[in-house]
Amino acid sequence: MDSSYLNTLLEQSNVGDPRVIHARAIRTAAADRCLHHRLITLYSKLPGLLPYSGRLFFTQIPFPNVVSWTSLISAHSASPAALRHFVSMLRQPTLPNHRTLPSLLRTCAALLCTHFGLSLHSLSVKLGLSSEPFTGSALLNFYFKCRSPRDALGVFDEMLDRDEVCYSAAIVGLAQNSRPVDALSVFAEMRRGEIGSTIYSISGALRAASEMAAMDQCGIIHSHAVVTGFDQNVVVASALIDGYGKSGLVLEARRVFDENLPIMNMVGWNAMMSGYAQQGDIEPVMELLHKMEGGGFVPDGYTFLAILSACYNSASSAEDVERWIARMRADYGLEPGLEHYTCLISAMARAGRLEDAKRLALAMPFEPDAAVWRSILMACRHLGDADKAREMAKRLLELNPSDDSAYVIASNALSTAGEWDEVAEVRKAMKDRRVRKEVGQSWVETRGRVHVFMAGDRRHERRGEIYAKLEELMSAIEQLGYEPIMDEMVHHESVVEAEKRERLQHHSEKLAAAFGLLEGVTPPGKALRIVKNLRICRDCHEVFMYISRVADREIIVRDANRYHRFSGGVCTCRDFW
Ligand code: ZN
Ligand code: ZN
């Protein structure tokens, strides 16, 4: 018997217990290095046999080479032992190759060993391996997993032969790390470079587009999916439904859903339901629930989240939300999670049941997070309940002392209640603690391009026209009786009134609206769509109600909380957001 016979035996799909072959190898002294490496790998894949791989390595491979070490390190992937074996390997000394480093980087990503990973990166640079595809992709994934998208992009830019796998990793990673603009630009670069796409790059790009509620981008990626034949894939189809749904194009989402009904999975069903839910369209959510159950699917936590948010967004009563949570428990045996509770708490708070909402937040089996307290705080602002607002702001700040939203909403609540001294105190506290408001960004899509604006932004190539348009709109609405709403937090106490007014007037969403109306590409009668990363401020909300009248256009704003549809001088949120 020789080693090639044993190697063939190992290759057969149903090896059974590799120890049998190992024993034969020892008995006949017919093993070679290659067989040993294979055994190490096999031992790591079978439950309970991992210790054999270490024993084999240390007793039967007298002169391990880099391949032997790599098999041992890979066998212990995702455990600290892999890193220890690597250090022993360096002591030999044996240097890692393009197979060793990716395996180690995967371990670092799994264990979130940032420092070790950084050392591996520098070692790979010294060895000239960092730009090679295997190591490069592993570095990319490592940085994405450690939430350092900037470093990941650095690696990506230095990679030499970027294939579809590298591009997919970059697009998916950027989308997961909330860098949708970068994800979409890498996707565009990939298409320009005529690199093939995969279901991962397409669904990653769709995820980015859906995070930005960028409906034109969804359409562009959709056509690309049709051309490449990936549109019939269930992962891509459900990403399309999610993207269209989040962009507010529920009918488009429904078309994709109906076309792919036979292959639809739970992700797709839930995405379709939450698309309707986001619009507060409760009837189709119910219709889909029945269909889904009829098709043999069992509703899960996400399904119920869609149902609950449909109730919330359609302004159903808090009792409706309570009833659904009770059904979820009793009829489906599902325990509500934090997000389900948050939905109920928000509904109670909105109905003015502030005390009930607070009691539930403290009694539920989860630690209340910022979203819970913020939803009650927002209701306090709306109801002008200064006492409760103080308490909620305090709780929010206990969770995160530099939460800018706590200061801003609390100060609005206090000013609604006329507690001006305290408003000044909150502002001072915010200033003393150097809390900065998160940078607001708004964007519009025209002619397949996304235009991003920040407050007072002067980077756009058509800034002159944009500011002139805004000026024109503002004077038109002032004639209709618009008055600026100044109660939003302004940082610089010293700035004079005129400057405050100007700052207010140059908010990102106003610039985006001015640009959108200037472009006028959306045919008359079709809505102008703006997306904002934060909550729309009260002044902009007021301004948009007026603009929808003077420009005679429907304006849809998707902010961090919900959809606002402004038309004929009113908004669908009925001033509650
Ligand atoms: Zn604003
Ligand atoms: Zn609104």
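Residues numbered from 1 in each chain as written. Chains lettered and ligands numbered in written order. Predicted model: local features only at pLDDT ≥ 70, side-chain atom pairs only at ≥ 80, totals over all residues. Heavy atoms only, no water.

Moving on, we come to the sheet that holds strand S1 (residues 441–446). In space, the six strands of this open sheet follow the order S2-S1-S3-S4-S5-S6, with mixed pairing throughout. Pairing within the sheet leaves two strands with one partner each, and these edge strands are strand S2 (449–454) and strand S6 (570–571). Pairing analysis gives four bridges linking strand S3 (residues 528–532) to strand S4 (residues 555–558), with the strands arranged parallel. Directly across from Val531, in S4, lies its bridge partner Arg558. (Pairing = 2+ DSSP bridges. Helix = DSSP H or I, 4+ residues; strand = E, 2+ residues; numbered from the N terminus.)

All right, on to helix H15 (residues 234–246) then. Its 13 residues give H15 an end-to-end C-alpha distance of 18 Å, which sits within 8% of 18 Å, the value for a rise of 1.5 Å per residue. Sitting at the head of H15, Asn233 places a side-chain oxygen 2.7 Å from the backbone nitrogen of Val235. With its phi angle positive at about 90°, Gly248 sits one or two positions after the end of H15. (Expected span 1.5 Å × (residues − 1). Polar contact = N/O pair within 3.5 Å; in protein donor to acceptor, adjacent residues only side chain to side chain.)

For the rest of this paragraph, the subject is the UniProt feature "repeat: TPR" (unreviewed entry) in the protein chain. Here, UniProt's "repeat: TPR" (unreviewed entry) annotation points to residues 370–403. Between the end C-alpha atoms of residues 370–403 the distance is 9 Å, and the span holds 82% helix and 0% strand. (UniProt positions renumbered as here; feature names shortened; annotations may be inferred.)

Okay, the packing of helix H21 (residues 338–350) against helix H22 (residues 354–363) next. Contact geometry of H21 with H22 gives a least axis separation of 7 Å together with a crossing angle of 160°. Taken together, the axis directions place H21 and H22 in an arrangement best described as roughly antiparallel. Handedness of the crossing formed by H21 with H22: left-handed. Residues Tyr341, Leu344, Ile345, Met348 and Ala349 of H21 form the contact with H22, whose participating residues are Leu354, Asp356, Ala357, Leu360 and Ala361. (Axes fitted to C-alpha atoms, helices over the stretch in contact; angles between N-to-C directions. Parallel < 35°, antiparallel > 145°, perpendicular 65-115°, else oblique. Left-handed = near helix turned anticlockwise from the far one by under 90°. Contact = heavy atoms within 4.5 Å.)

With respect to the secondary-structure elements, Arg55 resides in helix H4 (residues 50–60). By relative accessible area, which is 49% here, Arg55 ends up partly exposed. Separated by 272 residues in the primary sequence, Arg55 and Arg327 have C-alpha atoms spaced 55 Å apart. (Buried < 20%, exposed > 50% of the residue type's maximum accessible area, 1.4 Å probe, protein only.)

Between Gln92 and Pro93 the backbone carries a cis peptide bond, its omega angle lying at 0°. Among the structural elements, Pro93 can be located in the loop between helix H6 (80–91) and helix H7 (100–111). Phi angles above zero are rare outside glycine, and Arg147 is one such case at about 60°. Here Arg147 falls in the exposed class, since its relative accessible area comes to 57%. In this structure, Ser178 takes a positive phi of about 55° despite not being glycine.

Taken as a whole and assessed by the stated rule, the structure comprises 34 salt bridges. Here Lys291 makes a salt bridge to Glu287, at a shortest N to O gap of 3.8 Å. With Lys291 and Glu287 both in helix H18 (residues 282–294), this residue pair falls four residues apart, about one helical turn. Here Lys291 falls in the partly exposed class, since its relative accessible area comes to 38%. A salt bridge links Lys532 to Glu509; the nearest nitrogen and oxygen atoms lie 3.1 Å apart. Placement of Lys532 in strand S3 and of Glu509 in helix H29 (residues 508–519) is noted, with a sequence separation of 23 residues between them. The burial state of Lys532 is the same as that of Glu509; both residues are buried. (Salt bridge = Lys/Arg side-chain N within 4 Å of Asp/Glu carboxyl O.)

Okay, the state of the cysteines next. Tallying each qualifying case throughout the model produces zero disulfides. Cysteine Cys146 shares no disulfide, and the gap to the nearest cysteine sulfur, in Cys108, comes to 8.0 Å. Free cysteine: Cys380, not disulfide-bonded; nearest cysteine sulfur from Cys343 at 18 Å. (Disulfide = S-S within 2.5 Å.)

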